[in-house]
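Descriptive analysis of the structure
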Amino acid sequence: MIGTGSGNVSQVSMTGLSAGDTIAIKPGTYAQGTFSELHDVTIINYGGVVTFTGTVNWGGTNLNANTMHNVKFTGVGYSNAFYGFVFINPTSPFSGIYGAAYHTDSARFDHLDFENITAPAFDFSNNFYSVTYNGTVSSYKLHCVTFSDIKVNNSGLFIVTGYGCISCSGNNLCDSIDMHNIIITNLQGAGQQVVGTMTHFNMYNWNITYSGYNTNVGDVGVIYVSGNGSIHHNYMHGGRGYLARIDAFSMKPLQDSVLFYDNIILSTSNYGGLDIRCDSVNIRWDISNYLNPIKNVYVVNNTLGNKGNDEPYVVPAVLIYNMNNHNVVYCHNNLAFAAQSNVSGLPGSAFLINYNTGNGTFDAANNNYYTANTILTQLQDTLATCRPLSTSALNNAGISYNLLTTDYSGRARPNPPSIGAQEFSATASNVTANAGNNQTITLPVDSVSLVGSESSVINSSITSYQWSQTSGPGAATLSTPVSVQTEATGLAAGIYIFSLKIKDENNDSSTATVTITVKPANQPPVV
């Protein structure tokens, strides 16, 4: 075990460690962390929540070594908290995890919570530690790295690996990046969350919500990268911009495709689903020793609705620029609608807007657009589930694809599939978690009851409750974390946030939080 529960914590070599060892961090609040020159180990919180109020530095500076190889940074070491590592300091901007390693491979980051940190949760972009791809695996900035079960609230970017061009020195190219089960709430800035150069990335099971109106401008995307990958089974509500904007390329000798399917994108102020381009002017794959153009693009079975058009410029599904190498953009089975009567100017059946001046082609078919006056003749709702009615013309009206095994909610797709991200379900549920009212107690009282009985679900029933500690000055004990009510004990002076996640019979879920303020004990007057 390392750390004292305060100050700084570090492990900067394998001295005293062997492959397969676990580095356990004592619960508490640390100002900073440093982990470098490690391989084949797990870093974990032990028996409580570990909170960082400053940056965790990741990796050493030895360019010729795999400075961080097969290292797992996981917050699963305390059963009463879903996020065992918490990064929070709203008064002092800092990056959560700062990538000082030239090369990280076979790593995993999971069960982390970033709260009000303003800077990126994961920052691998600094030019001082940049690397230029030279055709070898060791010259990837990140290779075979997984990010999962992570929450980023009111913070900056989720991850940035660089801002330069792929053809430039210090391009920080990343490959095989898996990002799933990510919660993004209250976006800051124009809306980007993933920025850099990535090939073979896989982004799925993201829940992105923005409360309020984003007044920023710019032609942006939540994922704003050069490269190729798959973007599927994601939910985005609010904010602005595309879900993804990609300058596409592949790595020789491959010619990969870009996949964009089973996404729900609602209530953004403008733009649409995907902005895709394969342009040899921006990405010089025509003269590169390492780069190839992509093969094709598949924009399939997405649902896009409630769009505003304040600039005005709205694209229901996909916008393409300068597709070369005879690429084909397939735009099929997509559903778009305006659920607000004041939204106008949507391009109707033009799900694909073509600004292409290259030799690529496009194929748009079996897409449906509905106005605000007609969409509820087709869907059970336009926000909670976006599922078709049993009588909807969307059912079984799509074109079959091998990649369409399940819909957004995980239901098996029939053959042929429905149009849109969701299949019809006989039960239309609407799940709302309620973690109860905020509470204040004063020591020596050190426990509270957390009650989720006000949670509700329409046309279904709740099948599971899961309480967890999101943040706090120390680790609390939850007596029955999988029950509707639990006791949080062992509280110290400070502010705690607890989270309640519920699920129903349709596997739909909802999460709510409650804040518990613990005041110090009243001191007797000095006489």
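Above this text you will find the structure in question.
Report on the accompanying structure. (Residues numbered from 1 in each chain as written. Predicted model: local features only at pLDDT ≥ 70, side-chain atom pairs only at ≥ 80, totals over all residues. Heavy atoms only, no water.)

Here we look at the overall build of the protein chain
Test applied: Helix and strand assignments come from DSSP, with helices taken as H or I runs of at least 4 residues and strands as E runs of at least 2, each series counted from the N terminus. Exposure classes here rest on a 1.4 Å probe applied to the protein chains alone. A residue is buried below 20% of its type maximum, exposed above 50%, and partly exposed in between. Residue contacts are counted whenever heavy atoms from the two residues lie within 4.5 Å of one another. What sets the accessible areas is the Shrake-Rupley method with a 1.4 Å probe; for residues, cover comes only from the shown protein chains.
The helix and strand inventory of the protein chain stands at zero helices and 42 strands. Residues classed as buried in the protein chain amount to 56% of the 527 residues present. When contacts within the protein chain are restricted to residue pairs at least 6 apart in sequence, those whose partners lie at least 24 apart make up 73%. On the protein chain, roughly 19800 Å² of surface is accessible, and the fraction owed to carbon and sulfur atoms is 49%.

Things to note about the sheet that holds strand E35 (residues 439-442)
As a reminder, the rule being used: When DSSP finds two or more bridges between a pair of strands, those strands are recorded as paired. Where helices are involved, their axes are fitted lines through C-alpha atoms of the stretch in contact, as for all axes, and angles between N-to-C directions lie from 0 to 180°.
Spatial ordering of the open sheet is given by E35-E42-E41-E38, a layout of four strands whose pairing is mixed. At either margin of the open sheet sits one strand with a lone partner, and together these are E35 and strand E38 (462-471). On average, each strand axis in the sheet is tilted by 25° relative to the strand beside it, whichever way the strands run. For E38 and strand E41 (residues 494-504), the ladder comprises eight bridges, and the chain directions are antiparallel.

Regarding the pattern of salt bridges
In a structure, side chains of opposite charge can pair up when their charged atoms sit close to one another. Our working definition: By convention in these notes, a salt bridge is any Lys or Arg side-chain nitrogen within 4 Å of a carboxyl oxygen on Asp or Glu.
Inspection of every chain in the model, using the stated rule, returns seven salt bridges. Two residues, Glu115 and Lys151, come together in a salt bridge whose shortest N-O distance is 3.2 Å. Of this pair, Glu115 sits in strand E12 (residues 108-115) while Lys151 sits in strand E14 (residues 142-153), and the two are 36 residues apart along the sequence. The exposure class assigned to Glu115 is buried, which follows from its relative accessible area of 5%. Between Arg245 and Asp275 there is a salt bridge, with the nearest N and O atoms lying 3.2 Å from each other. With Arg245 in strand E20 (residues 242-248) and Asp275 in strand E24 (residues 274-277), this pair connects stretches of sequence that are 30 residues apart. The class for Arg245 is buried, based on a relative accessible area of 14%.

Quick look at the packing of aromatic side chains
To keep things clear, this is the line we draw: Pairing of aromatic side chains requires ring centres within 6.5 Å, counting the rings of Phe and Tyr and the six-membered ring of Trp. Pairs whose planes differ by under 30 degrees are stacked, by over 60 edge-to-face, and all others tilted.
Counted according to the given criterion, the structure contains 23 aromatic pairs. On the numbers, 6.0 Å between centres and 5° between planes, the contact of Tyr496 with Phe498 is stacked. Of the residues examined, Tyr496 reaches a relative accessible area of 0% and is grouped as buried.

Some details on the sheet that holds strand E40 (residues 485-489)
Taken together, the three strands give an open sheet; going across it, the order is E36-E40-E39, and neighbouring strands pair in antiparallel fashion. Where the open sheet ends on each side, the last strands, each with one partner, are strand E36 (448-451) and strand E39 (477-478). By the bridge criterion, four bridges tie E36 to E40 in an arrangement that is antiparallel. In the strand pairing of E40, Val448 is matched with Ala488.

Looking at the pairing of E14
When you tally the buried positions in E14, you get 11 out of 12 residues, the bulk of the element. In this sheet, E14 lies alongside E12 in parallel orientation, the contact comprising seven bridges. Residue Asp113 lies in a different strand from E14, and its bridge partner there is Lys151.

Here's the deal with the side chain of Ser499
Locating Ser499 in the fold gives a position in strand E41. Its relative accessible area of 9% is what places Ser499 among the buried residues.

A closer look at the environment of Pro417
Relative to the elements of secondary structure, Pro417 occurs in the loop between strand E33 (368-370) and strand E34 (430-432). The class of Pro417 is buried, set by a relative accessible area of 3%. Along the backbone, Pro417 and Leu404 are 13 residues apart, and their C-alpha atoms lie at a distance of 8.0 Å.

Considerations on the environment of Ile208
Position of Ile208 relative to the elements: it lies in strand E17 (residues 194-209). Sequence spacing of Ile208 and Ile265 is 57 residues, and the spatial spacing of their C-alpha atoms is 9.3 Å.

Some thoughts on the nonpolar core
Using the following cut-off: Nonpolar cores were defined as sets of buried Ala, Val, Leu, Ile, Met, Phe, Trp, Tyr and Cys residues, with membership established by side-chain atoms within 4.5 Å.
Residues Phe73, Phe122, Phe147, Phe158 and Met179 are the most contacted members of the largest nonpolar core, which totals 85 residues. Residue contributions to this core peak at six residues, all from E17. If we skip the residues at most four places from it in the chain, Met179 touches Phe147, Phe158, Ile159, Val194, Met198, Phe201, Asn202, Met203, Tyr204, Trp206 and Ile223. The next biggest cluster of nonpolar side chains, apart from the first, holds 20 residues, and it includes Ile441, Leu450, Val457 and Ala512.

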